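# Close look at the chain arrangement
Okay, here's what each chain looks like letter by letter:
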Amino acid sequence: MGTGTSLGRVRGLGSAKEGTHHWWRQRITAGSSLFLMLWLVASILNRSSFDYVSLHGWLQSAWVAIPMALLVLSVFYHFRLGLQVVIEDYQHDETRIVALVLLNFFTVGLGAVAIFAILKIAFGASH
Amino acid sequence: MASRTPARPISPHIQVYKWGPHMLVSILHRATGGVLSTVGSVLLVWFLAALAGGEGSYATFRDVFTHDDGRLNVIGYVVGIGITLALFQHMASGVRHLVLDTGAGFELKRNKTGALATLLFSVVATAAFWLYLGMK
Ligand code: HEM
Ligand code: HEM
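Overview of the structure. (Residues numbered from 1 in each chain as written. Chains lettered and ligands numbered in written order. Predicted model: local features only at pLDDT ≥ 70, side-chain atom pairs only at ≥ 80, totals over all residues. Heavy atoms only, no water.)

## Comments concerning the overall build of chain A
- When its secondary structure is counted, chain A shows 5 helices and 0 strands.
- The N-to-C order of helical and strand elements in chain A reads α-α-α-α-α.
- Among the 127 residues that make up chain A, the fraction classed as buried is 35%.
- Put simply, of all contacts in chain A between residues at least 6 apart along the chain, 67% involve residues at least 24 apart. (Helix = DSSP H or I, 4+ residues; strand = E, 2+ residues; numbered from the N terminus. Buried < 20%, exposed > 50% of the residue type's maximum accessible area, 1.4 Å probe, protein only. Contact = heavy atoms within 4.5 Å.)

## Points about the site of ligand 2
Residue and element names in this part refer to chain B.
- Around ligand 2 sit Ile14, Tyr17, Trp19, Met23, Ser26, Ile27, Arg30 and His97, and that is every residue in its neighbourhood.
- With respect to ligand 2, the side chain of His97 contributes an N or O atom lying 3.5 Å from an oxygen atom.
- Looking at which element gives the most residues to the shell around ligand 2, the answer is helix H1 (residues 21-53), with 4 residues.
- The residue inventory of the shell around ligand 2, partitioned by class, reads 5 nonpolar, 2 polar and 1 charged. (Near = heavy atom within 4 Å. Polar contact = N/O pair within 3.5 Å; in protein donor to acceptor, adjacent residues only side chain to side chain. Nonpolar A, V, L, I, M, F, W, Y, C, P; charged D, E, K, R; others polar.)

## Describing the site of ligand 1
- Taken together, 22 residues sit near ligand 1, with Arg27(A), His78(A), His29(B), Arg30(B) and His90(B) positioned nearest.
- Around ligand 1, the nearby residues trace back to chains A and B.
- A distance of 3.5 Å separates an oxygen atom of ligand 1 from a polar side-chain atom of His97(B).
- Looking at the shell around ligand 1, the elements that each hand over two or more residues are helix H2 (21-46) and helix H4 (62-90) of chain A together with H1 and helix H3 (74-101) of chain B.

## Observations concerning the coordination of the iron atom of ligand 1
- Here the iron atom of ligand 1 is held by His78(A) (NE2) and His90(B) (NE2), and the distances to it run 2.0 Å.
- What the 6 donor atoms of the iron atom of ligand 1 show is an angle range of 86 to 180° at the metal, which sorts the shape as octahedral. Here His90(B) lies in helix H3 and His78(A) lies in helix H4, a pairing that spans two chains. (Donors = N, O, S within 2.8 Å, 3.2 Å for Na, K, Ca; no water. Tetrahedral: all angles 85-135°; square planar, octahedral: opposite > 155°, others 65-115°.)

Below, the structure written as structure tokens:
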């Protein structure tokens, strides 16, 4: 077992100073992503048409736009944590820092596009 | 690692182990997680942005994956089946992870059965998903 005082270890504050937060959030977002991805799969199976007008109208409903936004938040948080672990396992020198910074840019940048697109559809004019 | 004394014995690495389903499922969880994070998230956001951009940009998105009559083309099939298979595999092995986290399921036989069950689930769920969509 790592470094630190016994009390620090009991509190989960080892050398990383972060305890089990990362691990735990990976679990919490795994659970929320599970429900939201099942919702997405079921929604796709429930569509009768994939043309522009019907999908656009579908995403305009609050009952779709809100879970879709939650899905992006949950899944992006989940894979941001997950890919961090993968990077830490394989990258050991400065490339690790570069990769972690790029991962943050990728997640936040792509997530912003997703949320903007959802809101634009939800608040935009219908067809 | 710099701190390791060279004279110390090191543990045998993966090439000396007999492959079992648990190893396959373990590495598949990582591989599918990586594919979903990159290809999967880009596809989802591309779809959302194309739909938000209007009829023209959505048509461009759709044309990449479908023929003019609306059926999937080769790219549509490869990407569609690939991403759903990855999703269902990661979903099943992810749930298995959560079960193992409670300390359950580490007996040799149950562990092997659980690993095999995730592979079975992903193949069956992917087939069911596309057959159902195809029949509509
Ligand atoms: C559908 C429900 C899902 C469940 C139940 C789930 C479950 C999990 C769990 C429990 C872990 C932790 C594994 C570990 O500690 O080694 C994990 C890791 C990961 N997940 Fe998910 N996940 C889901 C969906 C997703 C999605 C949609 C993505 C990507 C878009 C994703 C990307 C990842 C990545 C990149 C990792 C790290 C893999 C690794 O460290 O080897 N997951 N997942
Ligand atoms: C073909 C064989 C193997 C494969 C495919 C494999 C794959 C993996 C993967 C994908 C992970 C990270 C995801 C996870 O936590 O589930 C992992 C973690 C790990 N593996 Fe392996 N591995 C193999 C063999 C071994 C062997 C032989 C050892 C030790 C002698 C080992 C020790 C570890 C350790 C210590 C971790 C970290 C666990 C943790 O962070 O909770 N692995 N392995």
